[in-house]
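A look at the structure
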Amino acid sequence: MTEQALTDKVVASFDTAKDDRFRELIQALVRHAHAFVRETRLTDGEWSAAIDFLTAAGHITSETRQEFVLLSDVLGISMLTVAVNEPGLGEADEATQSTVLGPFFVQDSPEIELGGDIAGGAGGEPSWVSGRVTDTAGKPVAGARIEVWEADDDGMYDVQYDHGTLAGRAHLYTDAEGRYRFWALTPTPYPIPHDGPVGRLLQYAGRSPMRAPHLHFKVTAPGFHPLITHIFVADDPYLDSDSVFGVKDSLIRPFTRHDAGTPTPDGREPEGSWTSASFDIALKKE
Ligand code: BEZ
Ligand code: FE
């Protein structure tokens, strides 16, 4: 059998699949995977090394560690999936852009009031974050649920510690004018978990595991597409080399630093300096 005839035979073996979308996906996967093997003239040893790599990724994966998400992220597949699902032309042009979810989202974060603090004991420089949620025509979205999460100033998410306490994450709701505000921590750069197979892959390739500093948002409201995004800190050196390719220019915001003693918007008196950032969010109608 020629190489192409083998590919055609494997593709045809899925013709019996009843679900059209499943058939489309699996047949395309076979075509592309076979093309990869033919193009690279893959050796037995290389394929066996790839299987060892995937096995190691499976072994390190647990409730709190998702190596396959990391693999998808560092190969740019997560961001490409975001791109092909991004709202299309027209109204959606005005919608806030999406980026990767990452592995550290937690379903039930603590609720805070408007103006509350997401830190919950996580260390870092306080940051006042505020903005407005609207539709793409600028009409306020009241009662939108905003979930936010971020790493502490040691570059660690709460779920990476053994203490079992949620910190550096919360959710809140927009007011009648679609406005929101809360205290967070000024985001700092941190490495994605790199003590496993994906870390070894990056190291072998001479790539850095560092992410550009960011604050995660998930925004949901009835009648609107859910938005999963971040804001990135302007002027950071890692903006051009984010390890998961998540940076989009439209999501970069200045985090303006204020000296210790500068009055804050809510009269809080932080011990040292603090920053402020604003982020208006436009949701696309469903
Ligand atoms: C994150 O931003 O939390 C993240 C994204 C991708 C991989 C690892 C971490
Ligand atoms: Fe993150």
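See the structure printed just above.
Residues numbered from 1 in each chain as written. Chains lettered and ligands numbered in written order. Predicted model: local features only at pLDDT ≥ 70, side-chain atom pairs only at ≥ 80, totals over all residues. Heavy atoms only, no water.

**With respect to the overall build of the protein**
When its secondary structure is counted, the protein shows six helices and twelve strands. Reported as C-alpha extents along the three principal axes, the dimensions of the protein are approximately 75 × 40 × 35 Å. Buried positions account for 41% of the 286 residues belonging to the protein. Expressed as a percentage of contacts within the protein between residues at least 6 apart in sequence, the contacts between residues at least 24 apart total 70%. (Helix = DSSP H or I, 4+ residues; strand = E, 2+ residues; numbered from the N terminus. Buried < 20%, exposed > 50% of the residue type's maximum accessible area, 1.4 Å probe, protein only. Contact = heavy atoms within 4.5 Å.)

**Details of the side chain of His230**
Along the chain, His230 turns up in strand β8 (residues 227–233). Exposure remark for His230: the relative accessible area of 0% places this residue in the buried category. Among the polar contacts made by the side chain of His230, one reaches the side chain of Arg211 at a distance of 2.9 Å. Those residues in contact with His230 that lie beyond four places of it in its chain are Thr99, Val100, Arg211, His214, Leu215, His216, Phe217 and Leu251. (Polar contact = N/O pair within 3.5 Å; in protein donor to acceptor, adjacent residues only side chain to side chain.)

**A closer look at the pattern of salt bridges**
Opposite charge on two side chains allows them to pair when their charged atoms are near. For the structure on display, the rule yields 13 salt bridges. Put simply, Asp20 and Arg23 hold a salt bridge, and the shortest N to O gap is 2.9 Å. Here Asp20 pairs with Arg23, and both are found in helix α2 (residues 20–40), just three residues apart, close to one helical turn. The exposure class assigned to Asp20 is exposed, which follows from its relative accessible area of 53%. What makes Arg23 partly exposed here is its relative accessible area of 21%. For Arg145, the salt bridge goes to Glu147, with nearest N and O atoms at 3.3 Å. Owing to a relative accessible area of 4%, Glu147 belongs among the buried residues under this scheme. Shared partners join several salt bridges into a network, and the residues in it are Arg65, Glu67 and Asp195. (Salt bridge = Lys/Arg side-chain N within 4 Å of Asp/Glu carboxyl O.)

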